[in-house]
Amino acid sequence: MTDTRKLDAGTLAQRVAAVGDVEALKSSGAFDEVMEQIDSGTLEIDGKNGFLGQMIKAVLERGLQAELTAELGYEKGDAGARLAANSRNGSYPKTVATIAGDVELAIPRDRAGSFVPQLVPRGTRRTGGLDDMIISLYAGGMTVRDIAHHLEATIGTELSRETISKITDEVLDEVMAWQSWPLEPIYPIMYLDAIVVKIRDGHHVKNKAAHIAIGVDLEGIKHVLGIWIQETEGAKFWAGVCSELANRGVKDVLIVCCDGLTGFPDAIQATWASATVQTCVVHLIRAANRFVSYGDRKQVSACLRPIYTAPTIEAALTAREDFAASAMGQKYPAAVKTWESAWEQFIPFLAYPPALRKIIYTTNAIESLNYQLRKIIKNRGHFPNDQAAVKLLWLSICNIEDKRARERMKKRKTGKDTQGVHLVEGASTTGWNQALGHLVMIYPERLNAHLK
């Protein structure tokens with residue numbers, strides 16, 4: 001084997017880049033040379049003058065030379081170059097930020113000044129991989145300031161907070177396109193829930209609710225339909241949300257599961273007159289336990305179970321009265337009042353068979369997502385505006401779903417069960433086929449036309 005101990009990272013990178021594909025790299029012996037240097041400790045992998053940075057430099061410069069060759073029509077050193085109308089004219093230096101740190105490139109140029117690089121376009125100071133890294137870090141919950149410090153500390157790249165903010169703002173067009181994406185004509189079930197985000201409004205920071213809607217299509221697949229931020233709920237706000245969904249193509253919704261949102265039932269009825277608004281049972285149990293001391297919550301929850309598991313409305317009403325007359329009901333009358341106040345929004349649940357009750361029993365489809373989102377936004381402090389909050393939530397959802405997709409793929413390859421790995425987007429609803437059968441029996445005229 002050739003002794004390469006005295007070759008620096010740049011020279012090694014140029015030799016590797018000149019070889020070509022991976023198989024050619026191995027057969028040429030260049031790969032073994034690199035590994036020998038790494039094993040002996042004479043070759044630094046990362047860092048300012050590390051092999052990775054030099055490898056990126058070598059590959060980019062080789063690609064730029066290939067672009068110029070295609071532009072001029074002859075190879076460098078070709079004897080016929082003297083007869084060409086245009087020729088090479090040296091190069092100029094340019095620093096480009098990459099995922100391995102800042103890289104000094106020699107950008108080739110021609111005498112006519114007509115060469116326009118495509119690999120590293122004019123005005124570009126970053127490679128696409130660095131932009132993807134910044135967006136991924138932002139989606140993971142890091143602030144612009146944190147990202148700037150992280151890039152400087154890890155790969156030695158200094159980017160201003162303004163530049164990082166502009167990079168993350170580049171996804172706003174994607175967010176807007178997603179918020180106006182055409183939807184299915186019918187979603188048998190729709191879930192709606194919210195998380196609280198802090199947003200600056202003038203000189204004050206206010207708590208606003210970020211409402212997230214998830215629709216279950218006819219195949220039982222869940223889809224995030226949109227994100228809306230509002231300081232206060234009301235009929236006007238919900239009318240706008242429902243109108244937006246209808247304008248995007250939603251013609252009918254069978255059951256909407258939510259948590260007693262003010263003005264929401266009226267907006268649903270005005271948009272989809274035949275839709276049923278169902279109060280989330282889990283939220284109702286939690287609301288009742290809000291007035292109960294911690295030591296009694298398990299006992300109170302046990303007393304509430306006969307209400308929402310009752311086979312009929314009459315049986316549920318009897319169970320509710322039994323709870324009100326019990327020792328726990330007498331001790332916590334506010335818990336009884338919670339169920340009495342939400343009774344009309346709760347009882348539609350009792351008309352459905354067990355297979356369907358399991359699906360609309362809770363908005364956990366959103367709550368599991370919200371749990372992940374809260375972890376991301378908890379250290380953010382506050383957002384400068386609503387748009388910034390929607391941007392981060394959208395990026396976070398994409399990031400979370402990409403992570404879950406990788407987990408699903410890994411489990412499929414190992415042959416392990418993927419049950420429970422799904423989060424929201426693209427996940428299947430457990431027991432959907434049986435539930436859909438019941439829905440077809442209950443709403444035949446509204447579903448059969450779409451199932452053909």
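All chains use their own residue numbering, which begins from 1 and follows the written sequence. Confidence filtering applies because this is a predicted model: local features only for residues at pLDDT of at least 70, side-chain atom pairs given and counted only at 80 or more, and all residues used for totals across whole chains, interfaces and linings. Here the side-chain values reflect all heavy atoms present in the structure, with hydrogen atoms and water set aside.

**Considerations on the overall build of the protein**
Stage number 1. By definition, any uninterrupted DSSP run of H or I lasting at least four residues is a helix, any uninterrupted run of E lasting at least two residues is a strand, and each is numbered from the N terminus. The helix and strand inventory of the protein stands at 21 helices and seven strands.
Stage number 2. Each residue is placed in one exposure class: buried if its accessible area under a 1.4 Å probe, protein chains only, is under 20% of its type's maximum, exposed if it is over 50%, and partly exposed if it falls in between. Here the protein holds 452 residues, and 46% of them are scored as buried.
Stage number 3. Working rule for contacts: check all heavy atoms of both residues, and any pair within 4.5 Å makes them a contact. Considering only contacts in the protein between residues 6 or more positions apart, those separated by 24 or more positions represent 64%.
Stage number 4. Working definition of accessibility: Shrake-Rupley area with a 1.4 Å probe, residue cover restricted to the visible protein chains. Counting only carbon and sulfur atoms, one obtains 52% of the accessible surface of the protein, whose full area is about 23,600 Å².

**Focus: the side chain of Q278**
Stage number 1. In this structure, Q278 sits in strand β7 (residues 276-279).
Stage number 2. In protein, a polar contact requires one atom able to donate a hydrogen and another able to accept it; more generally it is a pair of N or O atoms within 3.5 Å, and residues adjacent in sequence count only if both atoms are side-chain atoms. Polar side-chain contacts of Q278 include one of 3.4 Å to the backbone oxygen of F346.
Stage number 3. Residues contacting Q278, with those up to four places away along its chain left out, are I255, V256, C257, C258, Q345, F346, P348, F349 and I360.

**A look at empty space enclosed by the protein**
Stage number 1. Cavity and pocket criteria rest on a 1 Å grid covering protein atoms alone: a 1.4 Å probe that fits but cannot get out defines a cavity, protein on both sides within 12 Å along at least 5 of 7 lines defines an open pocket, and an atom within 4 Å of a point defines a lining residue. Grid points are joined across faces, edges and corners, and a volume is the space filled by probe spheres set on the points. One pass over the full model with this rule turns up one cavity of 30 Å³ or more.
Stage number 2. Approximately 40 Å³ is the volume found for the largest cavity.
Stage number 3. The wall of the largest cavity is formed by M190, L192, A213, V241, C242, L245, F264, I268 and W272.
Stage number 4. Listing elements by their share of the lining of the largest cavity, those giving two or more residues are β3 (186-201), α9 (235-247) and α10 (264-271).
Stage number 5. When residues of the lining of the largest cavity are assigned to their parent elements, the largest contribution, three residues, is made by α9.
Stage number 6. Grouping the amino acids of the lining of the largest cavity by side-chain chemistry returns nine nonpolar, no polar and no charged. In this classification, Asp, Glu, Lys and Arg are treated as charged, Ala, Val, Leu, Ile, Met, Phe, Trp, Tyr, Cys and Pro as nonpolar, and every other residue, Gly included, as polar.

**Here we look at helix α15 (residues 333-341)**
Each turn of an α-helix holds 3.6 residues, which means side chains three or four residues apart point in the same direction.
Stage number 1. Buried residues of α15: A335, V336, T338 and W339, and no others. For α15, the angular spread of the buried residues around the axis is 150 degrees, confining them to a single face. Exposed residues lying more than 90 degrees from the buried face of α15 are P333, K337 and S341.
Stage number 2. The inward-facing, buried residues of α15 contact α11 (281-289), α12 (297-308), α13 (313-325), α14 (327-331) and α16 (343-346). What the arc measures is the spread of directions leading from the helix axis to the C-beta atoms.

**Quick word on the environment of L447**
Stage number 1. Along the chain, L447 falls in helix α21 (residues 444-451).
Stage number 2. Judged by relative accessible area, which is 0%, L447 ranks as buried.
Stage number 3. Separated by 193 residues in the primary sequence, L447 and L254 have C-alpha atoms spaced 9.2 Å apart.
Stage number 4. Those residues in contact with L447, other than ones at most four positions away along the chain, are I186, P188, L218, L254, L436, L439 and V440.

**Focus: the sheet that holds strand β6 (residues 252-258)**
Stage number 1. For two strands to pair, DSSP has to find at least two bridges joining them. On the basis of which strands lie adjacent, the open sheet formed by five strands has the order β5-β4-β3-β6-β7 and mixed pairing. This sheet does not close on itself; its edge strands, each paired only once, are β5 (222-230) and β7. Neighbour to neighbour, the strand axes of the sheet diverge by 25 degrees on average, direction disregarded.
Stage number 2. Convention adopted: a line fitted to C-alpha atoms gives each axis, helices being fitted over their contacting stretch, and angles between N-to-C directions are expressed from 0 to 180 degrees. Strands β3, β4 (204-216) and β5 of the sheet are contacted by α9, whose axis makes an angle of about 145 degrees with β5.

**Focus: the pairing of β5**
Stage number 1. Most of β5 is tucked away, with seven of its nine residues classed as buried.
Stage number 2. By the bridge criterion, eight bridges tie β4 to β5 in an arrangement that is antiparallel. Residue pairing across strands places A209 opposite Q230, the latter belonging to β5.
Stage number 3. A loop of five residues connects β4 with β5, the two strands running antiparallel in sequence, and G220 in this loop sits at a positive phi of about 85 degrees.

**Re the pairing of β3**
Stage number 1. Relative to β6, β3 runs parallel, the two being bridged by five bridges. Considered in β6, the bridge of Y191 is made with C257.
Stage number 2. When β3 meets β4, the two strands line up antiparallel, connected through 13 bridges. The residue of β4 that forms the bridge with M190 is G215.

**Focus: the nonpolar core**
Stage number 1. Ranked by size, the top nonpolar core spans 83 residues in total, and within it W339 and F346 carry the most contacts.
Stage number 2. M190, A213, V253 and C258 belong to the second largest nonpolar core, which has 23 residues in total. In this description, a nonpolar core means a group of buried Ala, Val, Leu, Ile, Met, Phe, Trp, Tyr and Cys residues linked to one another through side-chain atoms lying within 4.5 Å.

**A few points about the side chain of R88**
Stage number 1. Tracing the chain through its elements places R88 in strand β1 (residues 88-98).
Stage number 2. Asp and Glu are treated as the negative residues and Lys and Arg as the positive ones, with His and the ends of the chain left uncounted. Salt bridges are counted wherever a side-chain nitrogen of Lys or Arg sits within 4 Å of a carboxyl oxygen of Asp or Glu. This buried residue, R88, is left without a salt bridge; E75 holds the nearest opposite charge, at 5.5 Å.
Stage number 3. A polar atom in the side chain of R88 sits 2.6 Å from the side chain of T69.

**Thoughts on the packing of aromatic side chains**
Stage number 1. For Phe, Tyr and Trp, rings pair up if their centres lie within 6.5 Å, where Trp contributes its six-membered ring, and each pair is then called stacked (planes under 30 degrees apart), edge-to-face (over 60) or tilted (otherwise). For the structure shown, the criterion picks out four aromatic pairs.
Stage number 2. Plain terms: the ring middles of W343 and F346 are 5.4 Å apart, the flat faces sit at 50 degrees to each other, and that makes the pair tilted. In this pair, W343 and F346 are both assigned in helix α16, three residues apart and thus about one turn of the helix distant. You'll find W343 and F346 in the same group, each marked buried.
Stage number 3. In this arrangement the basic side chain of R320 is found over the ring face of W343, its NZ or CZ atom lying 4.7 Å from the centre. Geometrically, a charge over a ring is one whose NZ (Lys) or CZ (Arg) sits within 6 Å of the ring centre while staying within 35 degrees of the ring normal.

**Considering the confidence of the model for the protein**
The predicted coordinates should not be examined in detail at positions where pLDDT is low.
Stage number 1. Here the protein shows a mean pLDDT of 78. Residues at 70 or above account for 77%.
Stage number 2. The pLDDT value tells you how sure the predictor is about a given residue, anywhere from 0 up to 100. No element of the protein has a lower mean pLDDT than helix α1 (residues 9-19), which averages 56, and none a higher one than α13, which averages 94.
Stage number 3. Considering only residues more than four positions removed or in separate chains, one finds that residues 417-423, a stretch of pLDDT under 50, has 19 contacts.

**A closer look at the pattern of salt bridges**
Stage number 1. Summed over the entire model, instances satisfying the criterion amount to five salt bridges.
Stage number 2. K208 is the partner of D386 in a salt bridge, and the nearest nitrogen-oxygen pair spans 3.2 Å. Placement of D386 in helix α19 (residues 386-414) and of K208 in strand β4 is noted, with a sequence separation of 178 residues between them.
Stage number 3. Ionic pairing is found between R446 and D252, a salt bridge with its closest N-O pair at 2.8 Å. With R446 in helix α21 and D252 in strand β6, this pair connects stretches of sequence that are 194 residues apart. There is no split in this pair, since R446 and D252 are both buried.

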